[in-house]
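# A look at the structure
So you can see what is in the structure, the chains are spelled out below.
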Amino acid sequence: MMRLGNLSPATGAIKHKKRLGRGQASGKGGTCTRGHKGAKSRSGNTKKLGFEGGQMPLQRRIPKMGFKNPHRKEYVGINLDTLQSLSDAGKFNEVVVDRDFLSANGLIGKNNLVKILGRGELNVKLKVIAHKFSKTAAEAIQRAGGEIITL
C-alpha cells in the first residue's frame, strides 16, 4: 500500500551534494573546504574565461593572421545542372526561375543572395532572375534561348 511516508524520488533524480558549513564535527565546517584566505575562499569569486593567473592568456599570445571583411556578401551558388534536373523532374510550372522558386524547392533560404554558376548543361529555355551570374552560366542560358535578369 502506498502512503505519504513511503514516497521517495526516482533513482538518479537527486544528486547528493556536500553539506558545507554545518559545524566542525561534520568535517566540512569552518572554511567549508575552501582553504584559508585568497580570492577562491571568498564568496562571489569568478575568473574571466581563459584567465591564466596574470600570465598572458593563450588567446593573446597566438599571432593573429588575415582579415575578415565585415561587409562581405555571401552568395549561394546554384549550378546549371541543378536547374536542368529540376526541369527533368517537372518542377517548372513557368519558365521563370527566381528567388521564390528556388526557396520553394529548398535550394536557398529566404534571405540568401543567389549566384548562378556554369557547371553542367542546360537544354531548357528559362528566364533566370538572380543577383549574379558567372560568365559561362550567362552564355549557356542565352545559348539555350533563355534570358538573364540581374537583381
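Its identity as a non-glycine residue notwithstanding, Cys32 has a phi of 55°, on the positive side. At Thr33, a residue that is not glycine, the phi angle is positive and equals roughly 70°. Within the element layout of this structure, Thr33 appears in the segment before helix H1 (58-61).

If you walk across this open sheet you meet the three strands as E2-E4-E6, and the pairing is parallel. Each of the sheet's edge strands pairs with one partner strand only, and the pair in question is strand E2 (96-97) and strand E6 (147-150). Across two bridges, E2 lies against strand E4 (residues 127-130) in parallel orientation. Across the sheet, Val97 pairs through a bridge with Val128, a residue of E4.

Our next topic: the environment of Phe92. Within the secondary structure layout, Phe92 lies in the loop between helix H2 (80-88) and E2. On the basis of relative accessibility, which here comes to 18%, the residue Phe92 falls in the buried class. Aside from chain neighbours lying at most four places away, what touches Phe92 is Leu83, Leu86, Ser87, Val97, Phe101 and Leu126.

By the secondary structure assignment, Ser41 is in the segment before H1. On the accessibility criterion, Ser41 (18% relative accessible area) is buried. At 2.8 Å, the side chain of Ser41 and the backbone oxygen of Gly38 are in polar contact. Aside from chain neighbours lying at most four places away, what touches Ser41 is Arg34 and Gly35.

The rules we used
Every chain is numbered on its own, with residues counted from 1 as its sequence reads. Confidence filtering applies because this is a predicted model: local features only for residues at pLDDT of at least 70, side-chain atom pairs given and counted only at 80 or more, and all residues used for totals across whole chains, interfaces and linings. Heavy atoms from the whole structure form the basis of all side-chain values; hydrogens and water molecules are not counted. Numbering of helices and strands runs from the N terminus, with a helix taken as a DSSP run of H or I at least four residues long and a strand as a DSSP run of E at least two residues long. The criterion for strand pairing is that DSSP finds at least two bridges linking the strands in question. With a 1.4 Å probe rolled over the protein chains alone, any residue whose accessible area is under 20% of its type maximum counts as buried; one over 50% counts as exposed, and the rest are partly exposed. Whether two residues are in contact is decided by their heavy atoms, any of which lying within 4.5 Å being enough. Polar contacts, as used here, are pairs of N or O atoms within 3.5 Å; protein pairs need one atom able to donate a hydrogen and one able to accept it. Residues neighboring in sequence count only if both atoms are side-chain atoms.

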